[in-house]
Each structure stands twice: as structure tokens, then as C-alpha cells.
Amino acid sequence: MAFKVIGENVLRVDGHTKVTGGAKYPADLEMDNMLYGKTLRSIKAHANFTIDTKKAESIEGVVGVLTAEDIPGKNCHGVLFKDHEALCESKVRRIGDPMAVVIAESERIASKALESIEVVYEDLEAVFDPEEAMKEDAPKIHGVDNTVFHFKIRRGDVEKAFEEAAVIVEDTYYTGAVDHAFLQPEAGIAYEEEDGTLTVVAATQYPHFDRIDIAGALGLEEEQVRIINPAVGGAFGGREDLTLQIHLAVAAKKFQRPVKMVYDRKESFLAHCKRHPITMHCKTAADKDGKLLALKARIVGDTGAYASWAVNVLRKAGVHITGPYEIPNVWVDSYAVYTNNPFSGAMRGFGATQPPIAHEQQMDRIAEKLGMDPFTIRRKNLFSLGSKTATEQVLKESVPLGRCLDALEAAMNEKPLPDKDINYLEDLKAQQLKKEGFWNEKIR
Amino acid sequence: MKTINMKINGTERQIEIDENERLLDVIREGFHLTGTKEGCGEGECGVCSVLLDGKLVNACMIMAFQAADREVITIEGVGKDGGLDPIQQAFIDTGAVQCGFCTPGMILSAKALLLKNPTPSKQEIRRGISGNLCRCTGYEKIVEAVALASDRMRNPEQ
Ligand code: FES
Ligand code: FES
């Protein structure tokens, strides 16, 4: 059977508009009679507040200031739990929480008017360490227990295995928050169509989820809301939670004019989630031949002020903490915990990125203790076809880890490469010839 | 308000500017040429790269009045006679475009490089685009695209 796509070099449909500057990202859109919005964000990590927008509203060119009171429907959103407020009502839970949006005739007026909004904060005790946040007497960020999620694996008898082990390595590993820094900061435009449909144009990863939350916040049926996803300038998980979409929709509906918002880089950092900082405490045991016997791990993920995808991320971290290795006895506790830090959510790897920091260092240290080569110890324990993971999943498809290690070892043992640079173009041409027809007229 | 002359993508234009406007604002809002992007506004990311009198600059770091009576080339002015520049074509052919937000700036950077040095080595290409970030991290393909464009420009019959 001949395939049209698989094995063929296919040019991307949006390639041409993107190389000519024609592709429209949300900040590139303009409409007649447009208004501009700017967001007031919290400068406190945990506080009750009152807000007075009168002065800002009286500034020439300001058409209004949105606060929580202007949300006609449910003032909440979130991919799993609806724990975000579109605009905070009376309490902020992190630096950067949105509290009000100035809508004005120009971006400059809107920015200037932000300074005239009067906010009085009443500080609340804040908690920034997830271990502290798990304690009973910790300040409650959402009024309930800060532990959002607890994932467990119980397989075999780890304690018995530790007793029988020839070597045990135990340590704690930490990873930090990471921002996606997608290159196109958040931006969007919203307007009401002639038939009353409310249209929101914003770069997003989940138009269908956005629609549910926007309709909910507006008190509309989903069918009355339309989401248009224009060109998206990178996302990497950072555009899964809503940022400006509800603000735009509420403003467009209330003022009956198109409304545009564009974040600068600083606001972009404040607005969207981060990769979960995770603390991983691992106790790993092996026999004298380097065969892994047991792993006991306690994983605590800091989801910050909002849960976002914490459940999925910390479940994944819990599954991946064994590394790609067969371990007969496994005990895992993986927690997601609210704190007053920036909120964490999806980012490239979704909980699979952090655990290798822990399990690979554990492997190296076990090898060191046994006087064993780091490749050898890994080969002895690698998943292969038919292996069972700690969650009893049988690996039936491709498991090419051995090949991966072989390639790595070969590359590491090779002598330093000569400066290929001189022949770079020649190399490239040789490669082209190999990729039959890759750069020929046919596909140009 | 002040009126300045500027040659933009080959056409002499007059435009009113505010003293505190950046060249980037004039390009995007004044001339409605939105192919030039804003990613950081502080000279870090390179998505606002344009050619000013043939020299690569970050349009977010140049005040509009500094461009008075000078020539500006943006991504919209890179192709000739409605066709694509070999650099643009090479970006498509090698798969150097992902989200595309860095692409206009990358192409302008490559353009500036190839104007100065038509036969750059891999290192020189990397150095040439070092002021432009690609967060989709497609750097290998971008370097390949510039090498391919350089090759095609010297051997147009290929
Ligand atoms: S926007 Fe000019 S360098 Fe980033
Ligand atoms: S293609 Fe997305 S930033 Fe380069």
C-alpha cells in the first residue's frame, strides 16, 4: 500500500504565510471602534482586599473598570477544578492574581488608569513551602486542605527488600519552577457578532475548554460563544489555563464594542502557569549484582495557588519515578499541594520531566557504590518488551531503550569529532541526496 | 506629534509619529505591517528584527525618530516581485518554521548575515542568528535553512 503522507516530506500548510509575515497572531488583529483592556494584578501573595475604581473610571478615555461584580455568570474557571476566579472577589492567593480590568479608548490610557485604582490589602499569613502547607495548622489557600491530590503505588514489600539489599542509596532531589516563555505573549480580541454570538479570538491550546468556561462566566449557552484560534506563537502547556479570555468576553458584551488586550512579557510571566517544582525523596535498593530490589519515594509537587493539571502531573511523576527500570518492590506517595506561589500546570513532559533528575542520580550512585559501570547497571534493569511497570502495565509495543543506551555509549566513547564545520555545506548536500527528492523542484 | 520621512520596503512614505514611539510601533501600528513581532520589548528575543539601512536592528530598541530619512526593510519587503526570497523558500523547504513567531526575525537576521557573508560556516550561521530566540527550539532546521539558502543563492540553477 502506498501512503500519501507517511514517509513523504509534506510541506506545512501555514509555512508560506509564516515566512512572509502574513500569519495573524492575536496581537496582529485590529477592528474598527476597538477598545483596549489592561489588567490590575495582585502585588501580594495572600491577602484580603477591597478595591475602589471610581477615580480610574472618571479618567477621560476610560469607558469602565471590570471587577468581580461585573462577571454576570459564575466567576470561576479551571481545567480540572474551577478554583480560579476570573477576577478575584475579595482575596488574592498569589502575586499576579487578576483583580480588575480597565477598559479604555487606547492602550496608553488603560495602562495609566491602572495607577488610579485604589486597593487596600489586609495581609494574610502565606505559605510558600509545600511541606509546610501540608501541615494541619497551615494557612488554607482555598479554605480546604491544601493537599489537592495523593497518588499511591504499593507493590511487593519494600521494607523486606531493604533488609535484604546489598546497597541502599537515599536522598532528596529538588527541581525548580520553569516558565514556558513561549515567544508570543498572550493577546486576544473579543466582539459580539450581529446575531449576538460572542466571539473570542485568542491563542489557546483548548478552544473547547475555553468555550465552556467563558460561557459559564457570561451565563450564556455554549452555542452562544465562538472561539477562534488564530496563529499561536508557541504554548508548550502554558496556554491550557485561561488568562485573558473571560475578561475580553465580559468587556465586549458589557460595552458592546470589540475589545483587545495584549500582555507584555512581564505580564505574560505573571499570567500563566509554571512547571511544577517537585521535591523527590527516594530510597533505592539493589543486590550485589546491581539488580534493583526496591524503591520507596515521596514526591511533593508545588502547584502554587491553583490546581490546574496538578492531578495529572503528580500522577505522572509518581508513575515515572521508577525510571525505565524493573523494580519488584515499589512504594510511592505523590502529592500535589496548594501554596501561595505562582501556580503550576502543564509544561512539556507533564510530570515526566522532573523524576529523571532523581532516578538517574540514584542509578549512578548505586553503580558507584557497587564499583559498577553506569551503563552496565542500567542494562541490568532496563524495561524491555514484556516488562511490567510498577503499575502492572505490560509493555507490549516498542521498547527500544537498549538501543538508545548503545547509541549513547558509542557516541561517548568516540574520539572528539574533528571540526565538521568546514565541510558543513558538503555534508548537508550529501544528506539531501540521501533524503531522495527532499529539496527538489517537485516539492518547492 | 512630528512628521518624518521613511523609505519602507522600497516605498518613500511620510508618517506622523509621537516622540516616545518606537520604530516597532510605527511599523506595526503606523504602517500596519504586523509581520514584525513584539516578544519582549527589551532587545532580548529578536522577533522585532528589521533592516535599517541594511543593518540588522531590534525595532523595539530604536526610537521612531531615529529612523527618519532612512530605509527600513521588514519581512513584508524581503521577497522580490511577489515571489519569495531564497531564504524564505529555504525555511519552508527545510521545515524551519514551527509556531512561526520567531520566523520573520530569523529571516531578517539571515538576510543581514548573507548580505555580509554569502558563504557562512555553521558556526557563523549560529553566531549570525544568536540574537534571535526560537522557543520552539527548531535551531538545527533554521541553521540548515540558512545554509541551503546560501547554497541556492550561489547556484541559482539548482
Ligand atoms: S521584541 Fe524586540 S528584541 Fe524582543
Ligand atoms: S518557531 Fe516558534 S519560536 Fe521559533
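Treat the numbers as computed from the prediction; the structure is a model and nothing was measured.

### Overview of the overall build of chain B
Stage number 1. In terms of helices and strands, chain B carries five helices and five strands.
Stage number 2. Its helices and strands in sequence order give chain B the pattern β-β-α-β-β-β-α-α-α-α, from N to C terminus.
Stage number 3. Computed over its C-alpha atoms, the radius of gyration of chain B comes to 15 Å, within 12% of the 15 Å expected for a compact globule of 158 residues.
Stage number 4. The dimensions of chain B, computed from C-alpha atoms along their principal axes, are 50 × 30 × 25 Å.
Stage number 5. The proportion of buried residues among the 158 residues of chain B is 56%.
Stage number 6. Accessible surface, chain B as shown: approximately 6,600 Å² in total, 46% of it carbon and sulfur.
Stage number 7. The average position of the 18 basic charges and that of the 22 acidic charges among the side chains of chain B differ by 6 Å.

### Description of the nonpolar core
Most often, soluble globular proteins keep nonpolar side chains buried together rather than apart.
Stage number 1. Membership of the largest hydrophobic core comes to 48 residues, with the highest contact counts inside it found for Ile-299, Leu-314 and Ile-321 of chain A.
Stage number 2. The element that contributes the greatest number of residues to this core is strand E16 (residues 329-338) of chain A, accounting for six residues.
Stage number 3. Residues Ala-90, Val-97, Cys-102 and Leu-108 of chain B belong to the second largest nonpolar core, which totals 41 residues.

### Observations regarding the interface of chain B and chain A
Stage number 1. Taken together, the 47 residues of chain B in the interface contact 41 residues of chain A.
Stage number 2. Counting the surface lost from both chain B and chain A, the interface buries some 3,400 Å², and carbon and sulfur atoms represent 55% of this.
Stage number 3. The tally of links between chain B and chain A comes to three salt bridges.
Stage number 4. Across the salt bridge formed by Asp-28 of chain A and Arg-28 of chain B, the nearest N and O atoms sit 2.8 Å from each other.
Stage number 5. Between the two partners, chain B and chain A, sit 17 residue pairs in polar contact (both at pLDDT 80 or more).
Stage number 6. Residue assignment for the side of chain B that touches chain A shows that the elements contributing at least two residues are helix H2 (86-94), helix H3 (103-116), helix H4 (122-128) and helix H5 (139-154) of chain B.
Stage number 7. No other element matches H5 of chain B, which puts eight residues into the side of chain B that touches chain A.
Stage number 8. Split by residue class, the side of chain B that touches chain A holds 19 nonpolar, 16 polar and 12 charged.

### Considering the packing of H3 of chain B against H5 of chain B
Residues and elements named next belong to chain B.
Stage number 1. At a minimum axis distance of 11 Å, the contact between H3 and H5 shows a crossing angle of 40 degrees. Overall, the two elements H3 and H5 adopt an arrangement that is oblique. Where H3 crosses over H5, the handedness of that crossing is right-handed. Contact residues: H3 offers Met-106, Ala-110, Leu-113 and Leu-114, while H5 offers Tyr-139, Ile-142, Val-146, Ala-149, Ser-150 and Met-153.
Stage number 2. Partitioning the contact of H3 with H5 into residue classes produces nine nonpolar, one polar and no charged.

### What about the packing of aromatic side chains?
One pair of aromatic rings is described through two measures. These are the centre distance and the angle between the planes.
Residue and element names in this part refer to chain A.
Stage number 1. Considering all chains together, one arrives at six aromatic pairs over all chains under this definition.
Stage number 2. Put simply, the rings of Tyr-206, Phe-209, Trp-309 and Phe-350 pair up and form one aromatic cluster.
Stage number 3. A cation sits over an aromatic face here: Arg-239 above Phe-182, 3.8 Å from the ring centre.
Stage number 4. Sitting over the ring of Phe-236, Arg-348 keeps its end group 4.3 Å from the ring centre.

Analysis parameters
Residues numbered from 1 in each chain as written. Chains lettered and ligands numbered in written order. Predicted model: local features only at pLDDT ≥ 70, side-chain atom pairs only at ≥ 80, totals over all residues. Heavy atoms only, no water. Helix = DSSP H or I, 4+ residues; strand = E, 2+ residues; numbered from the N terminus. Rg over C-alpha atoms; globule rule 2.2 N^0.38 Å. Buried < 20%, exposed > 50% of the residue type's maximum accessible area, 1.4 Å probe, protein only. Areas by Shrake-Rupley, 256 points an atom, 1.4 Å probe, with all protein chains shown as cover. Lys, Arg positive; Asp, Glu negative; His and termini not counted. Charge placed at Lys NZ, Arg CZ, Asp CG, Glu CD. Core = buried A, V, L, I, M, F, W, Y, C linked by side-chain atoms within 4.5 Å. Contact = heavy atoms within 4.5 Å. Buried area = accessible area lost by both parts, 1.4 Å probe. Salt bridge = Lys/Arg side-chain N within 4 Å of Asp/Glu carboxyl O. Polar contact = N/O pair within 3.5 Å; in protein donor to acceptor, adjacent residues only side chain to side chain. Nonpolar A, V, L, I, M, F, W, Y, C, P; charged D, E, K, R; others polar. Axes fitted to C-alpha atoms, helices over the stretch in contact; angles between N-to-C directions. Parallel < 35°, antiparallel > 145°, perpendicular 65-115°, else oblique. Left-handed = near helix turned anticlockwise from the far one by under 90°. Phe/Tyr/Trp six-rings, centres within 6.5 Å; stacked < 30°, edge-to-face > 60°. Lys NZ or Arg CZ within 6 Å of the ring centre and 35° of its normal.

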